Structure formats: structure tokens, C-alpha cells
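Observations on the three-dimensional arrangement
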Amino acid sequence: MMSCEKRRVFGAAFVLLQGVVTAVFPQLSVKLAKKMIGKNFDNASDLEANPAYVRQLRALGVGMVAAGGTTLLLEGPQETESDLSKDSASDERSTESST
């Protein structure tokens, strides 16, 4: 089973990848939205995306890249709580033995 940290890294990488695709190819997101709307409404394939909507999709993609990238940068090699407690316990033992 994956640990919580691995899931967070996987989620951040997924958001980063989705953001890159949305920022670079916003028409793919438009096609996906049309397909999803088309399941519930008639003539959804006749809809056309405004240029403003495409710009908003690109901005959303850039924001996703920033959020995912920041999370990945901050999730770098960190010590877990169990590692910290082991280190502090060994420090206490070495202090007691030296006195």
C-alpha cells in the first residue's frame, strides 16, 4: 500500500501533467467538455468555445502547473516523524551516557 507521502507526490505530479496539457493544448479540454455536456444535452457538438474561454483554460493550466510544481518542490526529501523520534531518542541516550 502506498504511503500518504507517495500519494501526495503522485497527486501533485498528476496535477502538474494535467496543467501542462491544459496550458499547451486547451482545445483538448474543450473537446472533453463538449463530450461530457453532449451526454446530457442535445446539439452540444454545435457549441464553440469563445477565445476568452480558451485563455481562461490556459490560465487554469498554468495555475495547475504552479500548484503541482510547488507541491513537488516542497515534498522533497524530508524526515518523517518516526525518523525524528528515533534521532532524538538516540541523542538523549548519548547525552545520558556521557554524563
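Here goes a summary of the coordinates provided. (Residues numbered from 1 in each chain as written. Predicted model: local features only at pLDDT ≥ 70, side-chain atom pairs only at ≥ 80, totals over all residues. Heavy atoms only, no water.)

1. What about the pattern of salt bridges?
- Across all of its chains, the model carries one salt bridge by this definition.
- The salt bridge partner of Arg8 is Glu75, with a shortest N-O separation of 3.7 Å. With Arg8 in helix H1 (residues 4-24) and Glu75 in the loop between helix H3 (51-74) and helix H4 (81-98), this residue pair connects regions lying 67 residues apart in the sequence. (Salt bridge = Lys/Arg side-chain N within 4 Å of Asp/Glu carboxyl O. Helix = DSSP H or I, 4+ residues; strand = E, 2+ residues; numbered from the N terminus.)

2. Let's talk about the packing of H1 against H3
- Running from N to C, H1 and H3 cross one another at 155°; their axes reach a closest spacing of 7 Å. Taken as axis vectors, H1 and H3 run roughly antiparallel relative to one another. Remark: the crossing between H1 and H3 carries left-handed chirality. Taking contact as the criterion, the partners of Val9, Ala12, Ala13, Val15, Leu16, Gln18, Gly19, Val20, Thr22 and Ala23 in H1 are, on H3, Leu57, Arg58, Gly61, Val62, Met64, Val65, Gly68, Gly69, Thr71 and Leu72.
- Of the residues belonging to the contact of H1 with H3, the class tally is 12 nonpolar, seven polar and one charged. (Axes fitted to C-alpha atoms, helices over the stretch in contact; angles between N-to-C directions. Parallel < 35°, antiparallel > 145°, perpendicular 65-115°, else oblique. Left-handed = near helix turned anticlockwise from the far one by under 90°. Contact = heavy atoms within 4.5 Å. Nonpolar A, V, L, I, M, F, W, Y, C, P; charged D, E, K, R; others polar.)

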